[in-house]
Amino acid sequence: MSNWIASLGGFELAGPSQFPSEYEDFLQWHYERQLTAGFSQDDIEDYPAGKLIEAMTERVRIGHHRG
């Protein structure tokens, strides 16, 4: 999965052992953010991949990442 994300460009990736932890942190952040915005659990589980990438970019932009 990290190779696919790297192929999108503009991302500095962590080492392979850190990636799952970063992704889990993102998923928790995204889930809480979507619940606060009024999305249901079903809405969050069906969130389009493109929108997830936008959310990942937003998370990095606002500084919610390790490094």
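Residues numbered from 1 in each chain as written. Predicted model: local features only at pLDDT ≥ 70, side-chain atom pairs only at ≥ 80, totals over all residues. Heavy atoms only, no water.

Colleague: Would you mind showing me how to read a negative patch on the surface here?
Modeller: On the surface, a cluster of negative charge is made up of Asp 42, Asp 43, Glu 45 and Asp 46. Residue placement: Asp 46 occurs in the loop between α3 (41-45) and α4 (49-61). Residue Asp 46 is classed as exposed on the basis of its relative accessible area of 63%. (Patch = residues over 30% accessible without salt bridge, like charges linked within 9 Å, V, L, I, M, F, W, Y side chains within 5 Å. Areas by Shrake-Rupley, 256 points an atom, 1.4 Å probe, with all protein chains shown as cover. Salt bridge = Lys/Arg side-chain N within 4 Å of Asp/Glu carboxyl O. Lys, Arg positive; Asp, Glu negative; His and termini not counted. Charge placed at Lys NZ, Arg CZ, Asp CG, Glu CD. Helix = DSSP H or I, 4+ residues; strand = E, 2+ residues; numbered from the N terminus. Buried < 20%, exposed > 50% of the residue type's maximum accessible area, 1.4 Å probe, protein only.)

Colleague: What am I meant to see in the environment of Gln 34 here?
Modeller: Its location among the elements puts Gln 34 in helix α2 (residues 19-36). Along the chain, Gln 34 and Ile 44 lie 10 residues apart, while their C-alpha atoms are 6.8 Å from each other. Setting aside its immediate chain neighbours within four residues, Gln 34 contacts Phe 39, Ile 44 and Tyr 47. (Contact = heavy atoms within 4.5 Å.)

Colleague: Can you help me understand the nonpolar core in this one?
Modeller: If you look at soluble globular proteins, the nonpolar side chains tend to sit buried side by side. Grouped together as the largest cluster of nonpolar side chains are five residues: Phe 26, Trp 29, Leu 52, Ala 55 and Met 56. Put simply, the parts of the chain that give this core at least two residues each are α2 and α4. A per-element tally of this core places α4 first, with three residues. (Core = buried A, V, L, I, M, F, W, Y, C linked by side-chain atoms within 4.5 Å.)

Colleague: Before we go on, may I ask you to explain the packing of aromatic side chains in this structure?
Modeller: Each aromatic ring pair is summarised here by two numbers: the centre-to-centre distance and the angle between the ring planes. Evaluated as defined, the whole model comprises three aromatic pairs. Summarising the aromatic geometry, the rings of Phe 39 and Tyr 47 are spaced 5.9 Å apart at their centres and angled 80° between planes, so their arrangement reads as edge-to-face. Here Phe 39 falls in the partly exposed class, since its relative accessible area comes to 32%. One aromatic cluster is present, built from ring pairs that chain together Tyr 23, Phe 26 and Trp 29. (Phe/Tyr/Trp six-rings, centres within 6.5 Å; stacked < 30°, edge-to-face > 60°.)

Colleague: Mind showing me how you'd approach the environment of Phe 26 here?
Modeller: Its place among the elements puts Phe 26 in helix α2. Relative accessible area serves as the criterion here: at 4%, Phe 26 is assigned to the buried category. Sequence-wise, Phe 26 and Met 56 are 30 residues apart; in three dimensions their C-alpha atoms are separated by 7.2 Å. If sequence neighbours within four positions are ignored, Phe 26 has contacts with Leu 52, Ala 55, Met 56 and Arg 59.

Colleague: Sorry if this is basic, but what is going on with α4 here?
Modeller: Structurally, the α-helix is built with 3.6 residues per turn, so residues lying three or four positions apart point the same way. Its 13 residues place the ends of α4 18 Å apart at the C-alpha level, agreeing with the 18 Å of an ideal helix rising 1.5 Å per residue. Turning to α4, its buried residues are Leu 52, Ala 55, Met 56 and Arg 59. Viewed end-on, α4 has its buried residues packed into an arc of 105°, placing them on one side of the element. Positive phi shows up at Gly 63, right after α4, with a value of about 90°. (Expected span 1.5 Å × (residues − 1). Arc of directions from axis to C-beta.)

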